[in-house]
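Summary of structural features
Single-letter residue listing:
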Amino acid sequence: MSESYNAEKINAVWNRVAAAQEQGTPAQDEGQMLRSFMDGAAADEADYRTMARACRDQTNRRLFSAAAAAKARSLRALQAAYFARMGDSYVPHAVRQPFTGLLSALRTRYAKERMRLQAYTQAAQNTRDPQLEKLFRTLAGDAQRRLDVIDGVLLRLMR
């Protein structure tokens, strides 16, 4: 029994497989995005804790401690979403930036929170999963609140 070799058919199948490997599956893409968000949340939590320890002003210390706690909750929510979708756990390794002073840290945090706000908003718009959309919209709202807190701290410091 001889099988016929159809090069055109084999090339078409190979092109589909190669394209899928390049793009990844939607679940892999979501997993990668969630891991990236978890890495960011862990680093942000560490930054806010460092900022809280550096503050002499009790009001700012409480605000940054609350921001660190909120980031820890965000991280847990992202980890739960990751586990539910991937069936595996992920523990990010926070990369801490050197602390160079409160004003510099505030400027960096402001830029990162704006970036997080945009990333969460875009992720909410692009996901097909209604639970992830809700989570990303919640995280975007949290990022906006932290931006407002940073604005308030800056206003108090600039008096």
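Throughout what follows, the structure given in this document is the object of discussion. Note that the structure is a prediction, hence the values are computed from the model and not measured.

What follows covers the overall build of the protein. The number of helices and strands found in the protein is five helices and zero strands. For the protein, the N- to C-terminal ordering of α and β elements is α-α-α-α-α. Within the span of the protein, comprising 159 residues, buried residues form 33% of the whole. In the protein, once contacts between residues fewer than 6 apart in sequence are set aside, the share between residues at least 24 apart is 74%. Working note: accessible area of the protein is about 10300 Å², and carbon and sulfur atoms make up 53% of it.

The terminal C-alpha atoms of helix α3 (residues 58-86), which comprises 29 residues, lie 41 Å apart, in line with the 42 Å expected from a rise of 1.5 Å per residue. Listed in full, the buried residues belonging to α3 are N60, F64, A67, A68, A70, K71, A72, S74, L75, L78, A81 and Y82. Sitting at the head of α3, D57 places a side-chain oxygen 3.2 Å from the backbone nitrogen of T59. Following α3 by one or two positions, G87 has its phi on the positive side, about 70°.

A word on helix α4 (residues 102-126). Taking 1.5 Å per residue, 25 residues should reach 36 Å; α4 reaches 35 Å between its end C-alpha atoms and fits that length. By the burial criterion, the buried members of α4 are A105, L106, R109, E113, R116, L117, Y120, A123 and A124.

Below, the discussion takes up the nonpolar core. In this structure, L34, L78, Y120 and F136 are the most contacted members of the largest nonpolar core, which totals 20 residues. At the level of elements, α2 (26-54), α3, α4 and α5 (130-157) are the ones that each hand at least two residues to this core. The element best represented in this core is α5, accounting for seven residues. If we skip the residues at most four places from it in the chain, Y120 touches F37, L78, F136, L139 and A140.

Tracing the chain through its elements places D129 in the loop between α4 and α5. Only 2.8 Å separates the side chain of D129 from the backbone nitrogen of Q131, close enough to count as a polar contact. With residues up to four places along the chain from it excluded, the contact list for D129 reads E30 and R85.

Within the secondary structure layout, K71 lies in helix α3. With a relative accessible area of 1%, K71 lands in the buried category. Other than its neighbours up to four places away in sequence, K71 contacts A41, D44, E45, Y48, E113, R116 and R146.

Per the counting criterion, the structure on display carries four aromatic pairs. Note on F37 and F136: the rings are 5.5 Å apart at their centroids and 80° apart in plane angle, and the pair reads as edge-to-face. Of the two residues, F37 sits in helix α2 while F136 sits in helix α5, which places them 99 residues apart along the sequence. The two residues F37 and F136 agree in class, both being buried. Where Y48 meets F64, the ring centres are 6.3 Å apart and the plane angle is 25°; that geometry is what we call stacked. Of the two residues, Y48 sits in helix α2 while F64 sits in helix α3, which places them 16 residues apart along the sequence.

What counts and what doesn't
- Residues numbered from 1 in each chain as written.
- Predicted model: local features only at pLDDT ≥ 70, side-chain atom pairs only at ≥ 80, totals over all residues.
- Heavy atoms only, no water.
- Helix = DSSP H or I, 4+ residues; strand = E, 2+ residues; numbered from the N terminus.
- Buried < 20%, exposed > 50% of the residue type's maximum accessible area, 1.4 Å probe, protein only.
- Contact = heavy atoms within 4.5 Å.
- Areas by Shrake-Rupley, 256 points an atom, 1.4 Å probe, with all protein chains shown as cover.
- Expected span 1.5 Å × (residues − 1).
- Polar contact = N/O pair within 3.5 Å; in protein donor to acceptor, adjacent residues only side chain to side chain.
- Core = buried A, V, L, I, M, F, W, Y, C linked by side-chain atoms within 4.5 Å.
- Phe/Tyr/Trp six-rings, centres within 6.5 Å; stacked < 30°, edge-to-face > 60°.

What is shown is where atoms sit, not what they do.
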